[in-house]
Amino acid sequence: MAQVTIAPFEATALDAIPKIAGTARGTFRTHKTKNLAWRKVQLRKLYWALHDYEPQLLAALQEDLRKSAFEALLSEVGWLKKDCMFMLDHLDAWAKDEKLRAPHVPAMYSIMNFRIRKEPVGTVLIIGPYNYPVQLLLAPLVGAIGAGCTAVLKPSELTPRCAMVIKDMIESRLDRDAFAVVNGAVPETNALMGEKWDKIFFTGSAGVGSIIARKAAETLTPVVLELGGKNPAFITKSCPNLALAARRLMWGKTMNAGQICMSQNYVLIDKDLVETFVVHLKQAYKDMFPRGAKQSPDLARIVNLRHFHRLKNMLDNTRGRIVMGGEVDESELYIEPTAVLVSSVDDPMMAEESFGPIFSIYPVHSLDEALNVAHLVHRTPLSLMAFGSKKENERILNEMTSGGATLNDAYFHGAVNTVPFGGVGDSGWGAYRGKASFDCFTHFRTVAETPGWADPLLAVRYMPFDMGRLRLLGRLTDKKPDFDRNGRVVKGLGYWVALVLGLGGKGVKGALLRWAVVALAHYLYKNRVGK
Ligand SMILES: NC(=O)C1=CN([C@@H]2O[C@H](COP(=O)(O)OP(=O)(O)OC[C@H]3O[C@@H](n4cnc5c(N)ncnc54)[C@H](O)[C@@H]3O)[C@@H](O)[C@H]2O)C=CC1
Ligand SMILES: CC1=C(/C=C/C(C)=C/C=C/C(C)=C/C=C/C=C(C)/C=C/C=C(C)/C=C/C=C(\C)C(=O)O)C(C)(C)CCC1
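In this text the structure is predicted, and so the values were computed from the model without any measurement.

Concerning the site of ligand 1
Move 1: Residues in contact with ligand 1 amount to 27 residues; listed here are only the nearest, K154, E157, S205, L227 and E353.
Move 2: Contacts to ligand 1 include K154, whose side-chain N or O atom sits 2.7 Å from an oxygen atom.
Move 3: The contact in question runs from an oxygen atom of ligand 1 to an N or O atom on the side chain of E353, over 2.5 Å.
Move 4: Among the elements of the structure, α7 (186-193), β6 (199-203) and α8 (206-218) are those that each provide at least two residues to the shell around ligand 1.
Move 5: For the shell around ligand 1, the per-class residue count stands at 14 nonpolar, nine polar and four charged.

See below:
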């Protein structure tokens, strides 16, 4: 890896924060960020900044998390470059006014040129976590730039080298009046929260998310929360390939040393499959780490001592049996990929969010039991994975919600940068990525424009009110219900007439098609050969 120097971590001075926020707000008021060409220049600059700062970013990720260059490129630097390109490719189309026509606008108002203007929400605060310190801070920024916002970023202080590289990169390459980085921990975040924002985008723990949401509520500031979850994986008796399920779940818990909020916390598995599943897990472990996980340059480390001890305590306090892994080494912040066989939902391995390379295996007698346990552990997890028959997977999706879900794999729904990503209930509010990133920072402003000549047509609204005219208008424009008071659809005269005239076809298209077939048949009959 290229030799690079990273400045030591330095928190932003508390008294500088109001000015930083004020500059970002002031720049938004100049309206220059609304210009699409300006936004595109910033996105292109961000792309090249990521490209040029790649050695620093890779070194910082290696030092902060011992993240391999492979992972750093795949899921952080390369990921963000793709984000920039995707936003650049689609920005013109997404930012265009959307004309509102029937059926969204009733025919009687069609003269009023209803449309949706896409406006930037304003000046936003983006607060990032430590596990993907580059991706999870800058992916929302791509959305904010695309939408035309100004932004202040607060990287996690737990990954200090990444925080310093990001500050240098953003402030030297992007418009300094529009984008800034504040480094620090709780005091600096509190100072930022004391400022007025138009939206706050927070990724992190549910505990801190709730502090942020409470503070934001004081000024009615909208928040997006990307939080954690205790995510289940279901393996049923009909699992099509148990060895593959084991391999994929091992991948889910070893990327970034399992410090991924959407990876499985626990596996609910049919009791008859447990033994074989563990054999497959061990085989997958051997295949991925032929010289042992500790020797592998591919396995990241736990971010710091606090999180190391949090994970170690889960293993120390479990009443379950470790069936794979179990080694820990504080000097290296190393935790071996570990699976623990448990039998109680109160076990720390079930009750706490793992957010590391450890997970539990919980044997069940049936899918009913699995679904009950999952609801007890966390009713609205960030993700869910199912390895069953098609029918069972459909049932799991139907009976248990989650932010996102993957069938027959670990969290792949969250490994593609262009599709919406977000939680549900207490695992998150709002979504981003792809077009959802643009939408997240956009105010969809409905605009109507009433021509002066239309006033006589619309005069019914004026006082003095005339009930007769209101009733007449209702008779002309109100849609009659085709259902009765019991919620049953009523097939009235209109239905039967339409059915006969439409020759049984549904809708105008279906009816026209049937009439065309009849006409063709008639024509062929009339002109038949040898008549
Ligand atoms: N849904 C998602 O996309 C993701 C969710 N997460 C969740 O984040 C957690 C791990 O990330 P962490 O960085 O440890 O989260 P965290 O909640 O401790 O920190 C996140 C950010 O909040 C700031 N912060 C911490 N304490 C604060 C306080 N008392 N007041 C104001 N700001 C404060 C930190 O400086 C940091 O920038 C896990 O629970 C994980 O599930 C992590 C990554 C992605
Ligand atoms: C199929 C065709 C081709 C071949 C395509 C191939 C070989 C694709 C392989 C893709 C793979 C294995 C991609 C894996 C990607 C994993 C990623 C990006 C993981 C990302 C993790 C993230 C973002 C984590 C985020 C964490 C968060 C949000 C959190 O903590 O919550 C050809 C050969 C291209 C030909 C066409 C057909």
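That was the structure; now back to the text.
Description of unusual backbone geometry
Move 1: Across the junction of A102 and P103, the peptide omega takes the value 5 degrees, indicating a cis bond.
Move 2: That bond from M463 to P464 is cis: its omega, 0 degrees, falls within 30 degrees of zero.
Move 3: Assignment of secondary structure puts P464 in the loop between α16 (455-458) and α17 (467-477).
Move 4: In this model, N113 sits at a positive phi of 50 degrees, which is unusual for a non-glycine residue.
Move 5: When you line up the elements, N113 lands in the loop between β1 (98-99) and β2 (115-120).
Move 6: Taking the relative accessible area as the measure of exposure, N113 reaches 26% and is therefore partly exposed.

Notes on the packing of aromatic side chains
Here a ring pair, both rings aromatic, is described through the centre-centre distance and the interplanar angle of the planes.
Move 1: Following the criterion strictly, the structure yields eleven aromatic pairs and no others.
Move 2: With a centroid separation of 5.9 Å and 20 degrees between ring planes, the pair formed by W38 and F179 is classed as stacked. Here W38 is found in helix α2 (residues 36-52), whereas its partner F179 is found in strand β5 (residues 179-181), with 141 residues between them in sequence. F179 carries the same exposure label as W38, and that label is buried.
Move 3: Ring geometry for Y130 versus F355: centroids 5.7 Å apart, planes at 85 degrees, classification edge-to-face. Here F355 lies in the loop between α12 (348-351) and β14 (358-364) and Y130 lies in the loop between β3 (123-127) and α5 (135-147), a separation of 225 residues in the sequence.
Move 4: Taken together, the ring pairs in this structure connect F201, F421, Y432 and F441 into an aromatic cluster.
Move 5: Positioned above the aromatic ring of F421, the side-chain terminus of R433 is 4.2 Å from the ring centre.
Move 6: One residue, R528, lies across the ring of Y525, its end atom 4.4 Å from the ring centre.

A short note on helix α13 (residues 367-377)
Move 1: Taken together, the buried positions of α13 are occupied by L367, A370, L371, V373, A374 and V377. Considered in projection along α13, the buried side chains sweep an arc of 160 degrees and stay on one side of the axis. Pointing more than 90 degrees away from the buried face of α13 are the exposed residues N372 and L376.
Move 2: Where α13 is buried, its residues contact β8 (231-235), β9 (264-270), α12, β14 and α14 (390-399).

Re the nonpolar core
Move 1: Ranked by size, the top nonpolar core spans 125 residues in total, and within it L46, L138, L141, I170, I235, F277 and I361 carry the most contacts.
Move 2: Broken down by element, this core gets its largest block of residues, ten residues, from helix α4 (residues 69-95).
Move 3: Setting aside anything within four residues of it in sequence, one finds L46 in contact with C84, L141, V142, I145, M169, I170 and L174.

So, the UniProt feature "domain: Aldehyde dehydrogenase" (unreviewed entry) in the protein chain
Move 1: If you check UniProt for "domain: Aldehyde dehydrogenase" (unreviewed entry), the listed places come out as residues 5-447 in our numbering.
Move 2: Across residues 5-447 one finds 43% helix and 19% strand; the C-alpha atoms that close the span lie 52 Å apart.

As for the UniProt feature "active site" (unreviewed entry) in the protein chain
Move 1: In the UniProt entry, the feature "active site" (unreviewed entry) is given for E226.
Move 2: On the basis of relative accessibility, which here comes to 3%, the residue E226 falls in the buried class.

Some thoughts on the packing of helix α3 (residues 54-65) against α4
Move 1: Where α3 meets α4, the closest approach of the two axes is 10 Å, and the angle between their N-to-C directions is 130 degrees. Between α3 and α4, the crossing angle belongs to the class labelled oblique. Here the hand of the crossing between α3 and α4 comes out right-handed. Side by side, α3 and α4 meet where E54, L57, L58 and L61 of the first sit next to A69, A72, L73, E76, V77 and K81 of the second.
Move 2: Residue composition of the contact of α3 with α4, by class: seven nonpolar, no polar and three charged.

What about the sheet that holds β1?
Move 1: Read across the sheet, three strands follow the order β1-β2-β20 without closing on themselves; strand pairing throughout is antiparallel. Whereas interior strands pair on both sides, the edge strands pair on one side only; in this sheet they are β1 and β20 (442-447).
Move 2: Both β1 and β2 contribute to a ladder of two bridges, which runs antiparallel. Paired with K99 across the two strands is R115, which belongs to β2.

Brief notes about the packing of α13 against α14
Move 1: Look at α13 against α14: their axes get within 11 Å of each other, and the N-to-C directions meet at 30 degrees. The angle between α13 and α14 falls in the class roughly parallel. The handedness of the crossing between α13 and α14 is right-handed. Across the interface between the two elements, L367, D368, L371 and H375 of α13 pack against E392, R395, I396 and E399 of α14.

Looking at the side chain of R433
Move 1: On the secondary structure map, R433 appears in the loop between β19 (431-432) and α15 (435-440).
Move 2: No salt bridge is formed by the buried R433. Its closest oppositely charged neighbour is D83, at 6.5 Å.
Move 3: In terms of polar contacts, R433 uses its side chain to reach the backbone carbonyl oxygen of G414, at 2.8 Å.
Move 4: Among residues more than four places away in sequence, those in contact with R433 are W79, Q135, G414, A415, V416, N417, T418, V419, P420 and F421.

Criteria and cut-off values
- Residues numbered from 1 in each chain as written.
- Chains lettered and ligands numbered in written order.
- Predicted model: local features only at pLDDT ≥ 70, side-chain atom pairs only at ≥ 80, totals over all residues.
- Heavy atoms only, no water.
- Near = heavy atom within 4 Å.
- Polar contact = N/O pair within 3.5 Å; in protein donor to acceptor, adjacent residues only side chain to side chain.
- Helix = DSSP H or I, 4+ residues; strand = E, 2+ residues; numbered from the N terminus.
- Nonpolar A, V, L, I, M, F, W, Y, C, P; charged D, E, K, R; others polar.
- Buried < 20%, exposed > 50% of the residue type's maximum accessible area, 1.4 Å probe, protein only.
- Phe/Tyr/Trp six-rings, centres within 6.5 Å; stacked < 30°, edge-to-face > 60°.
- Lys NZ or Arg CZ within 6 Å of the ring centre and 35° of its normal.
- Arc of directions from axis to C-beta.
- Contact = heavy atoms within 4.5 Å.
- Core = buried A, V, L, I, M, F, W, Y, C linked by side-chain atoms within 4.5 Å.
- UniProt positions renumbered as here; feature names shortened; annotations may be inferred.
- Axes fitted to C-alpha atoms, helices over the stretch in contact; angles between N-to-C directions.
- Parallel < 35°, antiparallel > 145°, perpendicular 65-115°, else oblique.
- Left-handed = near helix turned anticlockwise from the far one by under 90°.
- Pairing = 2+ DSSP bridges.
- Lys, Arg positive; Asp, Glu negative; His and termini not counted.
- Salt bridge = Lys/Arg side-chain N within 4 Å of Asp/Glu carboxyl O.

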